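# Structural characterization, general
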Amino acid sequence: MKFLTTNFVKCPIKGCQSSLDAFPLKYEECQLAQEEQEYNPEFLCHMLERLDWNAILKVAHDLGNDSLPPTKPEDLDPIMEDDQAILKDLHTLLLETQVVDGKMVCKNCQHIYYIKNSIPNFLLPPHLC
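Residues numbered from 1 in each chain as written. Predicted model: local features only at pLDDT ≥ 70, side-chain atom pairs only at ≥ 80, totals over all residues. Heavy atoms only, no water.

### Digging into the pattern of salt bridges
In this structure the tally under the stated criterion is two salt bridges. Between Lys26 and Asp62 there is a salt bridge, with the nearest N and O atoms lying 3.2 Å from each other. Placement of the pair is Lys26 in strand β1 (residues 26-34) and Asp62 in helix α2 (residues 53-62), with a sequence separation of 36 residues. Across the pair Lys103 and Glu29 runs a salt bridge whose closest N-O atoms are separated by 3.2 Å. One end of the pair, Lys103, is in strand β2 (residues 97-105); the other, Glu29, is in strand β1, and 74 residues separate them in sequence. (Salt bridge = Lys/Arg side-chain N within 4 Å of Asp/Glu carboxyl O. Helix = DSSP H or I, 4+ residues; strand = E, 2+ residues; numbered from the N terminus.)

See the structure below:
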């Protein structure tokens, strides 16, 4: 599961849908891997507009990365050399960092979702649907 995906998943349990604690999930005991991806700065600039930066910071912290700036980088220009370094760092984190194995925990209901072989399992037992 790409790090980027963590910004789009939340607890699917009905009782958590309206809770602010259902997003972002808390990541625990995660094994990470780097998988090289084609660099596309334009994609990153467009995607950055849609990301919840506070959630990115929380998940990055869960995974041991506290090096991100506290505020979302804005008005990045893929052509500008100064912005290229930021975009390349974001590319490495968001697109090349894979969560291979681990747990995602809802901070509202404490339900654990497992990640195995980079695939998150969001299937719920019938009593939680």
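### Here's the deal with the packing of helix α1 (residues 41-48) against helix α3 (residues 81-96)
Interhelical geometry of α1 versus α3 gives an angle of 75° and a closest axis separation of 10 Å. Of the possible angle classes, the one that applies to α1 and α3 is roughly perpendicular. Contacts between α1 and α3 pair Pro41, Phe43, Leu44, Cys45 and Leu48 from the former with Gln84, Leu87, Leu90, His91, Leu94 and Leu95 from the latter. (Axes fitted to C-alpha atoms, helices over the stretch in contact; angles between N-to-C directions. Parallel < 35°, antiparallel > 145°, perpendicular 65-115°, else oblique. Contact = heavy atoms within 4.5 Å.)

### Notes on the environment of Asp52
Tracing the sequence through the fold places Asp52 in the loop between α1 and α2. Residue class for Asp52 comes out partly exposed when judged on its relative accessible area of 33%. In this structure, Asp52 is in contact with Asn7 and Phe23, ignoring residues within four places of it in sequence. (Buried < 20%, exposed > 50% of the residue type's maximum accessible area, 1.4 Å probe, protein only.)

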